[in-house]
Amino acid sequence: MAKYIVRRLLQTIPVLIGVSILVFSLMHLIPGDAAQIMAGEAASEESVEQIREKLGLNKPKPVQYFNYVSNAIQGDLGNSIRSGRPVVDEIKGRFWVTAELAVYATILAVFLGLIAGIISAVRHYTWSDVSIMVVALFGLSMPNFWLGLLLIQWFAVGVDFLPIPDFLMMRPSGWGDSWRQILLPVITLGTSGAAIIARMTRASMLEVIDQDYIRTARAKGLSEKIVIYRHALKNALIPVVTVVGLEFGAFLGGAVITETIFAINGMGRLTIAAITERDFPVVQGTVLVISLLFVFVNMLVDISYRMLNKRIDLS
Amino acid sequence: MAGKTVEVINGPKRSSPRIEAYKAFWKRLSKNKAAVVGGFFILLFIVVSIVGPFLTTKDPTEVMVLNKLQPPSAEFWFGTDNFGRDIFTRIIHGMSLTLKVGFLSVAIGGSIGVIFGIVSGYYGGKIDTIIMRVMDVLLAFPGILLALAIVSVLGGSLQNVIIAVAVFSVPAFARIVRSSTLSVRQLEYIDAVKALGASDFRIIFKHILPNVVSPIIVQATLRIATAVLTASGLSFLGLGAQPPEPEWGAMLNDGRTYMKTAPHLMLFPGMMIAIVVLAFNIFGDGLRDALDPKMKK
């Protein structure tokens, strides 16, 4: 197992290098002069030159990349063009907001998805199965930005269950003080993931239920509950673990939209603000941090996949 | 008489295995009611996107301040927006934009992904390692983030959204096609064709591609749904289609401000995005089940 973990860690290195190259390239792929764009059209030649100097854009590209990576390893992602503050400081408080949102959405998606998937598989080809799968298909197809707005319309505007000003008061520190504040953003973000997990759990359960050892367990006279929950579910959940990891990543990315709708001060909203203001060091910083977190979570998922299913040789 | 003799000797006429397989696929697909409904809606959307703009009597971008924020009525079926523009007309005109983004981005991203996947699976070795590591890097940007990063660089426009969503779609195609190519490459008939001296180009395009086309079709259909969601999401964030284009995501974003007074502004564009995505998802599921009955669970 230790050997596998080391190998998996080593496999992550080229991906990390690739991610850093891509994120670094963002600023260099901008059509035209990046410094001019960041300074604004009306900026003087002097201030454009200042930005160029500040970001080291007049140095050769390999040198710039080396500096970018070595600074990033030391926790320096440069300074925001607009606020002048270190990007790390801009991200720090907001990182936990986004991570918390993604974690809650994952919990909701796993909880709902597993229950729905299991019920659907156990009662396959019945009306409850069909109904659950139809709902899951709707959950999968509904744009989360529309769902978020509908939830606000129904629960905040319509019945005043959750007054809108509450959203605006959400801050990096303690934004999750009240369950009423987190509920709607978490549902908005987690619904599509719940649908994906439900479909995956159902498919995986049905595949397992067809296997010989389940038939043997039934033939032994074990009750259906024991067959399903003790024998089938354990093996059916293994592929679902991978989906959960991927969904967590999707939630980190999807938080951009959810945070915008609910005016939550997380990394997603920071990214959008930075894109609008052409503040590229901040865009690079947020994209890098979210991607690294995703790579790290995927690595953990792969390791847990291996631990859960020791029969599989992942080499 | 002579013809009859030939028929008796050879037995009844039999179509080629490919046609037989196609007939079996068509039979399975037409039995799947949900897929038929999904397919019907997709056809309807395509027809509406072509014919619809000629049938509407109003201009989708014409500002009529006197009619602003009208609720749905006989004159304005879906109501009007804050500029007095007819939402129904804008929805009809927006259909072609939505389908254009979906089809084009998947066509571009899918073609690149298929080429990468086939080359990677066919040649293996270093080429495979390099291509797949690049795909891993693209997959390291979760959800909408990669498309967002690309649009942040290129600037907000519908054309750039198509490019961003195309790049975002490449790894999914590359991975699926690679794994299918790996299994086809090991079949004996590929060895036979090689022994006959066929070039790599001929083997890839004449013998491998037709055999990996099923997963490509399924992936493309499902990917259009993802592309529509991603593109409208970017427009919703103000990074895609720019005003006054009647793009549904952008319309939804405009309607947010009037959520309390005119909820119809956000109701209809969102509903249309959901219906289009649903149709492609249902049809994609049906295609998958029909093309690979073993997958049906």
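Everything numeric in this text was worked out from a predicted model, so none of it was measured.

### Here's the deal with the overall build of chain B
Reasoning step 1: Within chain B, the secondary structure is distributed over 12 helices and zero strands.
Reasoning step 2: Listing each helix as α and each strand as β along chain B from the N terminus yields α-α-α-α-α-α-α-α-α-α-α-α.
Reasoning step 3: With the principal axes as the frame, chain B shows a C-alpha extent of 80 × 60 × 35 Å.
Reasoning step 4: Expressed as a percentage of the 297 residues in chain B, the buried residues total 49%.
Reasoning step 5: The contacts of chain B with a sequence gap of at least 6 include a subset with a gap of at least 24, amounting to 71%.
Reasoning step 6: Total accessible area computed for chain B in this model is approximately 14500 Å², and 66% of it derives from carbon and sulfur atoms.
Reasoning step 7: A distance of 8 Å separates the average location of the 29 positive side-chain charges in chain B from that of its 18 negative side-chain charges.

### Some points on the overall build of chain A
Reasoning step 1: Assigned secondary structure in chain A consists of 13 helices and zero strands.
Reasoning step 2: The order of helices and strands in chain A, counted from the N terminus, is α-α-α-α-α-α-α-α-α-α-α-α-α.
Reasoning step 3: Taken along the three principal axes of its C-alpha coordinates, chain A extends 85 × 55 × 30 Å.
Reasoning step 4: The buried share of chain A, taken over its 315 residues, is 48%.

### A short note on the interface of chain B and chain A
Reasoning step 1: Counting from both sides, the interface comprises 41 residues of chain B and, opposite them, 48 residues of chain A.
Reasoning step 2: Across the chain B to chain A interface the summed buried area is about 3800 Å²; carbon plus sulfur atoms make up 78%.
Reasoning step 3: Summed over the shared surface of chain B and chain A, the number is one salt bridge.
Reasoning step 4: A salt bridge links Arg199 of chain A to Asp285 of chain B; the nearest nitrogen and oxygen atoms lie 3.0 Å apart.

### Section: the domain arrangement of chain A
Interface size is often expressed as the accessible area that is lost when the parts come together.
Residues and elements named next belong to chain A.
Reasoning step 1: Each domain of chain A was delimited in the assignment, giving domain 1 (31–76) and domain 2 (95–308).
Reasoning step 2: For domain 1 versus domain 2, the distance between C-alpha centres works out to 38 Å.
Reasoning step 3: The interface of domain 1 with domain 2 comprises four residues on the first partner and five residues on the second.
Reasoning step 4: Considering only the side of domain 1, the residues that lose the most area to domain 2 are Ile37, Met38 and Tyr68, jointly responsible for 85% of the buried surface there.
Reasoning step 5: Applying the counting rule to domain 1 against domain 2 returns zero salt bridges.
Reasoning step 6: Counting across the interface, domain 1 meets domain 2 through zero residue pairs in polar contact (both at pLDDT 80 or more).

### Description of the environment of Ser235 of chain B
Residues and elements named next belong to chain B.
Reasoning step 1: Its place among the elements puts Ser235 in helix H10 (residues 213–236).
Reasoning step 2: The sequence separation of Ser235 and Thr221 amounts to 14 residues, and the corresponding C-alpha distance is 22 Å.
Reasoning step 3: What Ser235 contacts, discounting residues up to four positions off in sequence, is Gly240, Ala241, Glu247, Gly249, Ala250 and Asn253.

### Quick word on empty space enclosed by the protein
Residue and element names in this part refer to chain B.
Reasoning step 1: Within this structure, the stated rule accounts for one cavity of 30 Å³ or more.
Reasoning step 2: Considering only enclosed or pocket space, the largest cavity measures out at about 80 Å³ in volume.
Reasoning step 3: Taken together, Asp81, Asn82, Arg85, Ile87, Arg90, Met251, Asp254, Gly255 and Leu265 make up the full set of residues lining the largest cavity.
Reasoning step 4: Within the residue set of the lining of the largest cavity, elements represented by two or more residues are helix H4 (87–123) and helix H11 (248–256).
Reasoning step 5: Per-element tally for the lining of the largest cavity: the top contributor is H11, with three residues.
Reasoning step 6: In terms of residue class, the lining of the largest cavity is made up of three nonpolar, two polar and four charged.

### Considering the packing of aromatic side chains
Residue and element names in this part refer to chain B.
Reasoning step 1: Applying the stated rule across the entire model yields 13 aromatic pairs over all chains.
Reasoning step 2: Geometrically, the ring pair formed by Phe41 and Phe45 is tilted, given 6.0 Å between the ring centres and 45° between the ring planes. Linking Phe41 with Phe45, this pair stays in helix H3 (residues 33–55), spanning four residues, or about one helical turn.
Reasoning step 3: Taking the relative accessible area as the measure of exposure, Phe45 reaches 4% and is therefore buried.
Reasoning step 4: On the numbers, 5.1 Å between centres and 85° between planes, the contact of Tyr122 with Tyr123 is edge-to-face.
Reasoning step 5: By relative accessible area, Tyr122 is classed as buried at 6%.
Reasoning step 6: A relative accessible area of 39% places Tyr123 in the partly exposed class.

### Some words on the environment of Phe283 of chain B
Residue and element names in this part refer to chain B.
Reasoning step 1: Here Phe283 lies in helix H12 (residues 264–291).
Reasoning step 2: Placed 176 residues apart in sequence, Phe283 and Ala107 show a C-alpha to C-alpha distance of 17 Å.
Reasoning step 3: Contact partners of Phe283, with chain neighbours within four places excluded, come to Leu29, Ala35, Gly38, Gly39, Ile42 and Thr221.

### Quick word on the pattern of salt bridges
Reasoning step 1: Enumeration according to the criterion identifies 15 salt bridges over all chains in this entry.
Reasoning step 2: Residue Glu90 of chain A pairs with Arg94 of chain A through a salt bridge whose shortest N-O separation is 3.6 Å. One end of the pair, Glu90 of chain A, and the other, Arg94 of chain A, are both in helix H5 (residues 87–122), four residues apart, so they sit about a helical turn from each other.
Reasoning step 3: Residue Glu90 of chain A is classed as buried on the basis of its relative accessible area of 9%.
Reasoning step 4: Among the residues examined, Arg94 of chain A registers a relative accessible area of 22% and is labelled partly exposed.
Reasoning step 5: As a salt-bridge pair, Arg175 of chain B and Asp136 of chain B come within 2.9 Å of each other at their nearest N and O atoms.

### So, a nonpolar patch on the surface
All names here are of chain B.
Reasoning step 1: On the surface, a nonpolar cluster with roughly 470 Å² of combined accessible area is contributed by Val37, Phe40, Phe41, Leu44, Met271 and Ile275.
Reasoning step 2: Those elements giving two or more residues to the nonpolar patch turn out to be H3 and H12.
Reasoning step 3: Top contributing element to the nonpolar patch by residue count: H3, with four residues.
Reasoning step 4: A relative accessible area of 43% means that Val37 is categorised as partly exposed.

Each value, and the rule that gives it
Residues numbered from 1 in each chain as written. Chains lettered and ligands numbered in written order. Predicted model: local features only at pLDDT ≥ 70, side-chain atom pairs only at ≥ 80, totals over all residues. Heavy atoms only, no water. Helix = DSSP H or I, 4+ residues; strand = E, 2+ residues; numbered from the N terminus. Buried < 20%, exposed > 50% of the residue type's maximum accessible area, 1.4 Å probe, protein only. Contact = heavy atoms within 4.5 Å. Areas by Shrake-Rupley, 256 points an atom, 1.4 Å probe, with all protein chains shown as cover. Lys, Arg positive; Asp, Glu negative; His and termini not counted. Charge placed at Lys NZ, Arg CZ, Asp CG, Glu CD. Buried area = accessible area lost by both parts, 1.4 Å probe. Salt bridge = Lys/Arg side-chain N within 4 Å of Asp/Glu carboxyl O. Domains from an automatic or database assignment. Polar contact = N/O pair within 3.5 Å; in protein donor to acceptor, adjacent residues only side chain to side chain. 1 Å grid on protein atoms, 1.4 Å probe; cavity = no way out; pocket = protein on both sides within 12 Å on 5 of 7 lines; lining within 4 Å. Points joined across faces, edges and corners; volume = space filled by probe spheres on them. Nonpolar A, V, L, I, M, F, W, Y, C, P; charged D, E, K, R; others polar. Phe/Tyr/Trp six-rings, centres within 6.5 Å; stacked < 30°, edge-to-face > 60°. Patch = residues over 30% accessible without salt bridge, like charges linked within 9 Å, V, L, I, M, F, W, Y side chains within 5 Å.

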